[in-house]
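What follows is the residue order along each chain.
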Amino acid sequence: MNYLSITHVDQLNGEGNRVVLWVSGCSHGCAGCQNPNTWDPSAGLPFGQDAKDELFGDLRQDWCSGITYSGGDPLFESNRAEIIKLAKEIREKFPCKTQWLYTGYKWSQIVSDPSMSEIIKYVDVVCDGEYVKELDDVDRHWVGSSNQEVIDVKKRISQLAAAVEK
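Computed from a predicted structure; not experimentally measured.

1. A word on the packing of helix α1 (residues 49–59) against helix α2 (residues 80–93)
Taken N-terminus to C-terminus, the directions of α1 and α2 make an angle of 35 degrees; their axes are 12 Å apart at the nearest point. Crossing angle aside, the handedness with which α1 passes α2 is right-handed. Residues Lys 52, Leu 55, Phe 56 and Leu 59 of α1 form the contact with α2, whose own contacting residues are Leu 86, Glu 89, Ile 90 and Lys 93. Residue classes in the contact of α1 with α2 are distributed as 5 nonpolar, no polar and 3 charged.

2. Here's the deal with α2
For an α-helix, the turn length of 3.6 residues means that residues three or four places apart are oriented alike. Between its terminal C-alpha atoms α2 stretches 20 Å, which fits the 20 Å expected from 14 residues at 1.5 Å a residue. Those residues of α2 that sit buried are Arg 80, Ile 83, Ile 84, Leu 86, Ala 87, Glu 89, Ile 90 and Arg 91. Those residues of α2 hidden inside the fold are in contact with β2 (18–23), α1, β4 (66–71) and β5 (98–102).

3. Describing the nonpolar core
If you look at the biggest cluster of nonpolar residues, it comprises 32 residues, and the most contacted ones within it are Leu 21, Leu 55, Tyr 69 and Ile 119. For this core, the element with the highest residue contribution is α2, accounting for 5 residues. Discounting chain neighbours no more than four positions away, the residues touching Leu 55 are Ile 6, Val 19, Leu 21, Phe 47, Ile 67 and Leu 86. Counting 6 residues, the second-largest nonpolar core is a separate cluster that includes Trp 100, Tyr 102, Val 125 and Val 143.

4. A short note on the pattern of salt bridges
A complete count under the given rule lists 7 salt bridges for this structure. A salt bridge links Arg 91 to Asp 124; its shortest N-O distance comes to 2.7 Å. Of this pair, Arg 91 sits in helix α2 while Asp 124 sits in the loop between α3 (107–112) and β6 (125–128), and the two are 33 residues apart along the sequence. Assigned by exposure class, Arg 91 and Asp 124 land together as buried. In this structure, Arg 156 engages Glu 149 in a salt bridge whose closest nitrogen and oxygen atoms are separated by 2.8 Å. Arg 156 gets classed as buried once you look at its relative accessible area, which sits at 18%.

5. Quick word on the side chain of Gln 148
Locating Gln 148 in the fold gives a position in the loop between β6 and β7 (149–152). Sequence-distant contacts of Gln 148, that is, excluding residues within four places in its chain, are made with Lys 106, Asp 128, Gly 129, Glu 130, Tyr 131, Arg 140 and Val 143.

6. Details of the packing of aromatic side chains
This model, assessed by the stated rule, comprises 3 aromatic pairs. Measuring from ring centre to ring centre gives 5.9 Å for Tyr 3 and Phe 47, while their planes differ by 80 degrees; the resulting arrangement is edge-to-face. With a gap of 44 residues between them, Tyr 3 in strand β1 (residues 2–10) and Phe 47 in the loop between β3 (45–46) and α1 connect regions that are remote in the sequence. Per residue, the accessibility class of Tyr 3 equals that of Phe 47, and both read buried. Relative to Phe 94, the ring of Phe 56 has its centre 5.4 Å away and its plane inclined at 70 degrees; by these criteria the two rings are edge-to-face. Here Phe 56 is found in helix α1, whereas its partner Phe 94 is found in the loop between α2 and β5, with 38 residues between them in sequence. Residue Phe 56 is classed as buried on the basis of its relative accessible area, which comes to 3%. Lying over the aromatic face of Trp 107, Arg 156 brings its terminal NZ or CZ to 5.8 Å of the ring centre.

7. Some remarks on the environment of Tyr 131
Within the element layout of this structure, Tyr 131 appears in the loop between β6 and β7. Put simply, Tyr 131 and Arg 91 are 40 residues apart on the chain and 28 Å apart in space, counted from C-alpha to C-alpha. The residues contacting Tyr 131, other than those within four sequence positions of it, are Cys 30, Ala 31, Gly 32, Cys 33, Asp 136, Gly 144, Ser 145 and Gln 148. A distance of 2.7 Å separates polar atoms of two side chains, one belonging to Tyr 131 and the other to Asp 136.

The rules behind these values
- Residues numbered from 1 in each chain as written.
- Predicted model: local features only at pLDDT ≥ 70, side-chain atom pairs only at ≥ 80, totals over all residues.
- Heavy atoms only, no water.
- Axes fitted to C-alpha atoms, helices over the stretch in contact; angles between N-to-C directions.
- Helix = DSSP H or I, 4+ residues; strand = E, 2+ residues; numbered from the N terminus.
- Left-handed = near helix turned anticlockwise from the far one by under 90°.
- Contact = heavy atoms within 4.5 Å.
- Nonpolar A, V, L, I, M, F, W, Y, C, P; charged D, E, K, R; others polar.
- Expected span 1.5 Å × (residues − 1).
- Buried < 20%, exposed > 50% of the residue type's maximum accessible area, 1.4 Å probe, protein only.
- Core = buried A, V, L, I, M, F, W, Y, C linked by side-chain atoms within 4.5 Å.
- Salt bridge = Lys/Arg side-chain N within 4 Å of Asp/Glu carboxyl O.
- Phe/Tyr/Trp six-rings, centres within 6.5 Å; stacked < 30°, edge-to-face > 60°.
- Lys NZ or Arg CZ within 6 Å of the ring centre and 35° of its normal.
- Polar contact = N/O pair within 3.5 Å; in protein donor to acceptor, adjacent residues only side chain to side chain.

Below, the structure is given as structure tokens:
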């Protein structure tokens, strides 16, 4: 997995002051995407120990509410295993920090695909769906078009479990 940058003290990509990991690679190709420079999976630098140390350094700070994974698409095929591994490690080492995930995949795709579904064990919020320029909605908080959802993962899982019980 490659990444393009790490943003420190970000307030635009999730609640609170966050550290954001911007990964490379996206196959959605959304018209009007604000980050088309992140589509190429070979762009940027290989994600390694130095980048992880930088993220963990922020996560140790009181000002940091958590981490946001963005890009590109953190669930781009060549990113999935590394993002899941990183999210698991962060959940174990920083259990009080929130994890937000931005992806072009819909929730239904994530939970039904074994190569992606493990991520929901570790993240708190998923901002899902491709950006659709024709559905642009400046009044939506955290996402850009009306087809996208901001999903509280624990709440969604609880709702699904309750529906199954009925």
